[in-house]
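Working through the structure, step by step
Each chain, letter by letter, is given below.
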Amino acid sequence: MPVSGTPRTIMTVARGVLGAAFVSTSLLQPASAQDIRLAQPIDCELGETCFVQNYVDRDPGPDFQDHRCGTMGYDGHDGTDFRIADLRTMIDGVAVLAAASGRVARVRDGEPDTGLTEDTANDVAGRECGNGVLVEHNGFATLYCHLRQQSIAVEPGQQVDAGTRLGDVGLSGFTEFPHLHFEVFRIEDGAEVTLDPFDGAPADQACGGPTASLWNDGLTDAMAYRERVVFPLGITNGPVTLDGIEYALYRDVPLDRQSPFLVVYARVLGLQEGDTLRVRLLGPDGTVLASHERGPLTNASAQQMLFTGSRRPDDGWPDGDYLATVEIAAASGEIMGQNTFRLTLD
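Presented here is a report on the structure given in the accompanying data block.

Rules and cut-offs
- Residues numbered from 1 in each chain as written.
- Predicted model: local features only at pLDDT ≥ 70, side-chain atom pairs only at ≥ 80, totals over all residues.
- Heavy atoms only, no water.
- Disulfide = S-S within 2.5 Å.
- Buried < 20%, exposed > 50% of the residue type's maximum accessible area, 1.4 Å probe, protein only.
- Helix = DSSP H or I, 4+ residues; strand = E, 2+ residues; numbered from the N terminus.
- Core = buried A, V, L, I, M, F, W, Y, C linked by side-chain atoms within 4.5 Å.
- Contact = heavy atoms within 4.5 Å.

Thoughts on the state of the cysteines
Across all of its chains, the model carries 3 disulfides by this definition. The side chain of cysteine 44 participates in a disulfide bridge whose partner is cysteine 50; the two sulfur atoms lie 2.0 Å from each other. When the S-S torsion is 80°, as for the bridge of cysteine 44 with cysteine 50, the disulfide is right-handed. Under the relative-accessibility criterion, cysteine 50 is labelled buried at 0%. Across a sulfur-sulfur distance of 2.1 Å, cysteine 69 and cysteine 207 are joined as a disulfide pair. When the S-S torsion is 110°, as for the bridge of cysteine 69 with cysteine 207, the disulfide is right-handed. Of this pair, cysteine 69 sits in the loop between β1 (50-54) and β2 (80-84) while cysteine 207 sits in the loop between β10 (191-195) and β11 (229-236), placing them 138 residues apart in sequence.

Right under this line is the structure:
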């Protein structure tokens, strides 16, 4: 099941629902891909508190390739998915921001933040974008999907600047995790052309060609291409589940020398065929207290959970720093992703 949007339909459906007369007079002006520059459309620190989960699909057939000819996404994905840490972060509030100055063309609010389940799949049919905002930019437009219910902060006809808050990241529509689905497109010969903001090319253009990013120059580092992301990584005191990670159940669990277990947990994103995953718990003296290895993987994987742990010694955990480490090694043996979390017990 796709994790965000119905292949090749999310923009069509979202446009139709956000307004029957989607293409306005201003959008009919011809546009060049270099006529728009984009600011970051979400208020988070890319690479630290949020990540790109899925890029635009650049393969015209039944397979997927992103702009770097990688596999960060799925067939038919027309936008960029900016994923936040978990549902608690969503509840705390992460702002969705206008990526460029323009005029709000359409909004929709009132869709519940239930996420996609077997019970809700039929409920979101025709409203896959969930709560959304459509902004026109003189021949271009940007679309912001899956916003939090009743968080929309703008109205049709309103002029916005780059960085104006449009709403908050949510879990509305066709999605299984809280994130912003962001799309860019222009009008060309009266047709809507979806663009890949990472190289400015149309979505139906093959990957690997000349690049001319639409992102502002100051976003070069933030928008750097990332595969094999470890997000989040932590230590808790008992069994873990992927749902528990998503609901941030382990983030603030108190730990001390008498905790019954020390369990390392991690969610890893963007895994590739042939990858090997390694997770370890190291004690204050550097001793490996627990370790687990998985792989080589036989297929690419959008996300997996890792965990390993150790039972408390009879006399309690020694004082000192405990390290949780995760490594992702490609088939070549090269380390493609890693992260470390430190816990101090005293």
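Still to come is the rest of the account.
Observations regarding the nonpolar core
Membership of the largest hydrophobic core comes to 41 residues, with the highest contact counts inside it found for Leu38, Phe82, Val133, Tyr144, Leu166, Leu180 and Phe182. Looking at this core, the elements with two or more residues in it are β1, β2, α2 (87-92), β5 (131-136), β6 (140-147), β9 (179-188) and β10. Not counting chain neighbours up to four residues away, the residues in contact with phenylalanine 182 comprise Leu38, Pro41, Gly79, Thr80, Phe82, Ala99, Thr142, Leu143, Tyr144 and Trp215. Counting residues in each nonpolar core, the second largest holds 22 residues, with Val264, Val268, Val279 and Trp317 among its members.

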